[in-house]
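These are the residues of each chain, in order.
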Amino acid sequence: MDATLIDAVSKVDTAFKFIFGVSFVILFLITAVTLYFLFRYSKKRNPVPAQIEGNLVAEIIWIVVPCIIVGAMFWYGWVGYKALREAPANSYEVKCTARMWSWKFEYPNGKTSDKLYVPADTPIKVDLTSVDVIHSFYVAAFRVKMDTVPGMHTYVWFNSGEPAEYEIQCAEYCGVRHAYMLSKVVVVPKEEFDKWLNASAAAEVPDEGEELLKKHGCFDCHTTDGTDLVGPSFKGIYGRDTVVVENGKEKTVKADDMYLEKSITQPAADIVKGYEDMMPPFELTKEELGKIIGYFKGGGKPTAKLGAKGAEIAEREGCTGCHSVDGSELVGPSFKGLMDRKTAVTKDGKKMEVTANVEYIISSIKHPSEYVVEGYEPSMPEYGQLSDDDIKALIEYISTLK
Amino acid sequence: MSSNSLSFWEDSGNGRTGIMAWLTTTDHKRIGLMYMYVILAMFIAGLCLGLAIRLELIAPGRTIMDAQTYNTVFTLHGVIMIFIVVIPSIPAAIGNLVLPIQLGAEDVAFPRLNLFSWYLYIGGTILALVSLFTGGGAPDTGWTFYVPFSEFTTTNVSVAVIAVFILGFSSILTGLNFITTIHRLRAPGMTWTKIPLFTWSLYATGWIQVLATPVLGITVLLIFAERVLGVGLFDPNKGGDPILYQHLFWIYSHPAVYIMILPAMGVVSDIIPVFARKPIFGYKTIAFSSLMIAFAGSLVWAHHMFTSGMSDTAVLIFSLLTFVVAIPSAIKVFNWTATLYKGSITVDPPLLYALGFIFLFSVGGLTGLILGSAGTDIHVHDTYFVVSHFHYVIFGGTGFGMFAAAHYWLPKYYGRMYNKTVAKVAFYILFIGFNLLYFPLFIIGLEGMPRRYYDYLPQYQEGHVISTVGSWILAVGVIIMLVNLIRGFTKGEKLKGRNPWGAATLEWTIPTPPPLLNFDKEPDTSRKPYDFQGVTPDE
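Residues numbered from 1 in each chain as written. Chains lettered and ligands numbered in written order. Predicted model: local features only at pLDDT ≥ 70, side-chain atom pairs only at ≥ 80, totals over all residues. Heavy atoms only, no water.

**What to know about the overall build of chain A**
The test is simple: Comment: elements are numbered from the N terminus, with helices defined as DSSP H or I runs of at least four residues and strands as E runs of at least two. Only protein chains enter the accessibility calculation, which uses a 1.4 Å probe; a residue whose area is less than 20% of its type maximum is buried, one above 50% is exposed, and one in between is partly exposed. Using the Shrake-Rupley algorithm and a 1.4 Å probe, accessible areas are obtained, with residue cover drawn only from the displayed protein chains. Think of it this way: Lys and Arg go in the positive column, Asp and Glu in the negative one, and His and the chain ends go nowhere. Taken as the charge centre is NZ of Lys, CZ of Arg, CG of Asp or CD of Glu, depending on the residue.
The number of helices and strands found in chain A is nine helices and 16 strands. If you line up chain A on its principal axes, its C-alpha atoms span 130 × 60 × 40 Å. Looking at the 402 residues of chain A, the share that counts as buried comes to 45%. Accessible surface for chain A amounts to roughly 20400 Å². Of this, 57% is attributable to carbon and sulfur atoms. Side-chain charges in chain A split into 45 positive and 57 negative, and the spacing between the mean points of these groups amounts to 6 Å.

Structure representation (structure tokens):
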């Protein structure tokens, strides 16, 4: 990489050292000379003052010399500034959107995160904007700071250097949670970054029960969407009343844990009516069986996963910057116990009580100012850009916070 | 006893007595004192808010207040200190007391307008206080009222900006009054090169007040229009531009810094020669540099906006102009130091406070170079480095200038002297407390501690703890100083002579305390303002 790219920080630091160095000398001289004069020309030591009204030469000297000094200071400062502004053409570009009171970073492939992950030893250019008020993107370690202005795009660039973590702080006052509008630049080795970038979101990581079913090829014969293949669908299988044929006799059983376990380990024992006896027995440990049945309990879709996806969205979209998940008060009401809570609100200046059901929560996300919970400020921005799936995941997450 | 031998305390001149004699007075000395009393009360209020901020920041997390309260406290600290205390402090209080007499005039050019300015000041102050307790709660925007935040916040910003608007008019009218007085009411023989440097500095200040303050008036009215009518000048959702607001705000608010500091420079220029018994070094250079600061200082506003997203060309221009304005300030410091050379120096309290000014202002000015330089400003902008720099300039500069002025001139007006030893002790405590309070903030600012943070990362705590302890020492110094002054002016030793310090300007040639009509005989303008030959202290 071009060596000149690395030293924006060092150019700024050179300006710091030069200005501080010269300033210290000036301050020291002024102070020392003043103290010496106070001592040497005190009334006791010098009872008769001289009558000097000025000295043109002296004054010209201390006009011209400071002009040269500040000229040099200006120049060093400008060189540092230029280095901070001239992003290399091959910079890796990340988009950053600031909002009250969190940061959202978007990568070229559309992935988003609340921390800024960047590959090591790469020039990084961050495109900045804001959706509400002015914030300022500040990473002290890289000497970069730039306001994020609504309706406008600004940028910073820095060289990421060695793998490490650096603090991101909001430097433009933006309201009650300003001091908590923090994040991190996480510099990781290039390979690790690529892996992270291309990994699907955590919410899509399948649960272990599903993994086992895949591993054993179960989905070749059983669907998860209710359609019939060779065997009955997994959709809604758990607890389903099922007509089976046992030793030629029909009977109805409930597909409970025991039945399901038996159907996997000894499939021939009970054959569901309408299906052939084709399934081979599977040797699985008790633990593995438990995971698979856990998957079935979720109706073919694991419940824990939805909560996890919602949690990730809440973090990524900055919801948790204002809404706690543990019942503590931040800027907005806590998510804990929010679902179906009776809530006193104000709508168009009128007070009323509503139940925080799904419709209410959807409207509160899309049009927060419509119903304002008593005791809180109407300061939440509209989150109209969230997809219906995201909102659904959020609500499922909230409903898990009891 | 002729009426002329009564002091302005005894002779109200308007036929009224008691409080009404004060509230309807057009006497510049009484108006000056009325400004001073309100400024003092608001200074103490602002100081308490500042101490509360420091106490909150002694540890991360909540210490004594919640985040919203903290935000309103630092907003109030800023609004009160800047618009109600510092801007009127030296010009309106000390300026009113001293300026007409230094020129050999009986009063300012428009005495009734002068009283009206005071009422505007009181009205603005009351409205600012009203904004705390009404509407959606005290403003939480910071003293800068940056949009779009100040448009969105539900707190009482609309009332607060109207208060600032009214206070601005008070400042404009005072400036206009002083400029006119200096042009029209100089005593015969008081040529431009005989005007004392304090009055010269008020002349330069007056022009800034008259020319820059209207921009502030327009800007805050526009915020009001944005909030009430939703006009959309600054709101990007309606096609407005938030950066435009910052330009308008700083076109006033940077020159306002010179409204604050120039009069303090004038105070120091008047005090140093008196206690060195030697003419000021380079009178014309100092007078001219005040005008240069007023002029160049009006062209540097956007150095507050290097990180705002404005063009690199603008950054280049404003960085360069900012360094230009550093020159006249540096010249003044060198000339003050040179004035001490071969003097015959007595370190009385006024000189001590003036020397404190020179040191603290120099620290503030030199750290300002870091902020003027574009590359370094990006790093320290909106951090505690700026907070510290600003307090060194405004508290260390204007604040100590005001203290120096109080110790220098007020004995003349009260006719009594304070205890000089206590005044010196108070100075040293103040000076130590001040540096403990603000110097660590430079360090944590350089380390990246942003300003206006209610809570902070643990690595910044050490600096915050030292700073908070410093704030307590500073508070002790302020209390000792104020108690000593108040005791001195009510119970202190009466001054018998006219000229306790042996100064050569006209205010020291009239009776102590001054009579209602300042001069009991024609002012003698033959002496240069810093010619001490043949002048001896007459306590």
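**Remarks on the confidence of the model for chain B**
Residue and element names in this part refer to chain B. Our working definition: Confidence scores labelled pLDDT are given residue by residue by the predictor and lie between 0 and 100.
Per-residue confidence for chain B averages 93 on the pLDDT scale, and 99% of its residues sit at or above 70. When pLDDT is averaged over each element of chain B, helix H14 (residues 420-446) comes out on top at 97 and helix H5 (residues 149-152) at the bottom at 83. Taken over the whole predicted complex, pTM reads 0.84, whereas the ipTM for its chain interfaces reads 0.91.

**Details of the nonpolar core**
Put simply, the test is: As used in this record, nonpolar core signifies buried Ala, Val, Leu, Ile, Met, Phe, Trp, Tyr and Cys residues forming a set joined through side-chain atoms within 4.5 Å. Any pair of residues with heavy atoms lying within 4.5 Å of one another is described as a contacting pair.
The biggest cluster of nonpolar side chains holds 254 residues, and the ones touching the most others in it are Leu116 and Phe137 of chain A together with Phe83, Trp336, Phe357 and Trp409 of chain B. With residues up to four places along the chain from it excluded, the contact list for Phe357 of chain B reads Ile261, Ala264, Met265, Val268, Trp336, Ser362, Gly396, Gly397, Thr398, Phe400 and Gly401 of chain B. Core analysis: the next-biggest nonpolar cluster, separate from the first, contains 21 residues, Phe335, Val345, Val354 and Val373 of chain A among them.

**Here's the deal with the layout of surface pockets**
Where empty space is left can be seen by rolling a probe of water-molecule size over the atoms. Worth spelling out the cut-off: Cavities and pockets are found on a 1 Å grid laid over the protein atoms alone: a cavity is a set of points where a 1.4 Å probe fits but cannot escape, a pocket is an open set with protein on both sides within 12 Å along at least five of seven lines, and a lining residue has an atom within 4 Å of such a point. Grid points are joined across faces, edges and corners, and a volume is the space filled by probe spheres set on the points.
By volume, the second largest pocket amounts to about 880 Å³. Around the second largest pocket, the lining comprises 37 residues; the ones closest to its centre are Trp101, Val176, Val331, Glu377 and Ser379 of chain A. Broken down by secondary-structure element, the contributors of at least two residues to the lining of the second largest pocket are helix H3 (67-103) and H5 of chain B. Of the residues forming the lining of the second largest pocket, the biggest block, three residues, is contributed by H3 of chain B.

**Considerations on helix H9 (residues 388-400) of chain A**
Operational definition: To estimate how far a helix should extend, the number of its residues minus one is multiplied by 1.5 Å.
A rise of 1.5 Å per residue sets the reference length of H9 of chain A, with its 13 residues, at 18 Å; its end C-alpha atoms lie 19 Å apart and thus fit the reference within 8%. Along H9 of chain A, the positions that sit buried rather than exposed are Asp390, Ile391, Ala393, Leu394, Ile395, Tyr397 and Ile398 of chain A.

**Describing a nonpolar patch on the surface**
Heads up, the condition is: Exposure above 30% relative accessible area and the absence of a salt bridge qualify a residue for a patch, where like charges join within 9 Å and nonpolar side chains (Val, Leu, Ile, Met, Phe, Trp, Tyr) within 5 Å. Salt bridge, as applied in this entry: a Lys or Arg side-chain nitrogen positioned within 4 Å of an Asp or Glu carboxyl oxygen.
Among the surface-exposed residues, Leu55, Ile64, Val465, Val469 and Trp472 of chain B lie close enough to one another that they form a single nonpolar patch of about 370 Å² accessible area. Here Val469 of chain B shows up in helix H15 (residues 461-491).

**A look at the sheet that holds strand S5 (residues 123-130) of chain A**
Rules: Paired strands, as defined in this entry, are two strands with at least two bridges between them according to DSSP.
Taken together, five strands build an open sheet; the order of strands is S3-S2-S1-S5-S8 (chain A) and the sheet is mixed. Two strands in the sheet have a free side with no partner beyond their single neighbour: strand S3 (112-113) and strand S8 (154-159) of chain A.

**A few points about the interface of chain A and chain B**
A common way to report how large an interface is uses the accessible area buried once the components associate. Applied cut-off: Buried area is calculated as the accessible area (1.4 Å probe) missing from two parts once they are joined, with the contributions of both summed. As used in this structure description, the phrase polar contact means that two N or O atoms lie within 3.5 Å; if the pair is within protein, one of them must be able to donate a hydrogen and the other to accept it, and residues adjacent in sequence are counted only when both atoms belong to side chains.
Taken residue by residue, the interface counts 74 residues in chain A and 84 residues in chain B. When the buried surface of chain A facing chain B is broken down by residue, Trp62, Phe74 and Tyr173 of chain A rank first, second and third, together holding 11% of it. Between Asp312 of chain B and Arg85 of chain A there is a salt bridge, with its nearest N and O atoms 3.4 Å apart. Counting across the chain A and chain B interface gives 24 residue pairs in polar contact (both at pLDDT 80 or more).

**Observations regarding a positive patch on the surface**
Side chains of Arg40, Lys44 and Arg45 of chain A together with Lys342 of chain B sit close together on the surface and give a patch of like positive charge. Tracing the backbone shows Arg45 of chain A in the loop between helix H1 (8-40) and helix H2 (56-85). The class of Arg45 of chain A is partly exposed, set by a relative accessible area of 38%.

**Focus on the sheet that holds strand S9 (residues 164-170) of chain A**
All names here are of chain A. Convention followed: Only the stretch in contact is used when a helix axis is fitted, and all axes are lines through C-alpha atoms; the angle between N-to-C directions ranges over 0 to 180 degrees.
Judged by pairing direction, the sheet is mixed, and its five strands sit side by side in the order S4-S10-S9-S6-S7 without closing on themselves. Only two strands of the sheet have a single neighbouring strand rather than two, namely strand S4 (116-119) and strand S7 (144-148). If you compare each strand with its neighbour and ignore which way they point, the axes differ by 20° on average.

**Quick word on empty space enclosed by the protein**
Residues and elements named next belong to chain A. Tallying each qualifying case throughout the model produces five cavities of 30 Å³ or more. Space inside the largest cavity adds up to approximately 560 Å³. As for the largest cavity, its lining consists of 30 residues, and the residues nearest its centre are His323, Pro333, Ser364, Pro368 and Met380. Breaking the lining of the largest cavity down by element, the ones donating at least two residues are helix H8 (358-366), strand S16 (372-373) and H9.

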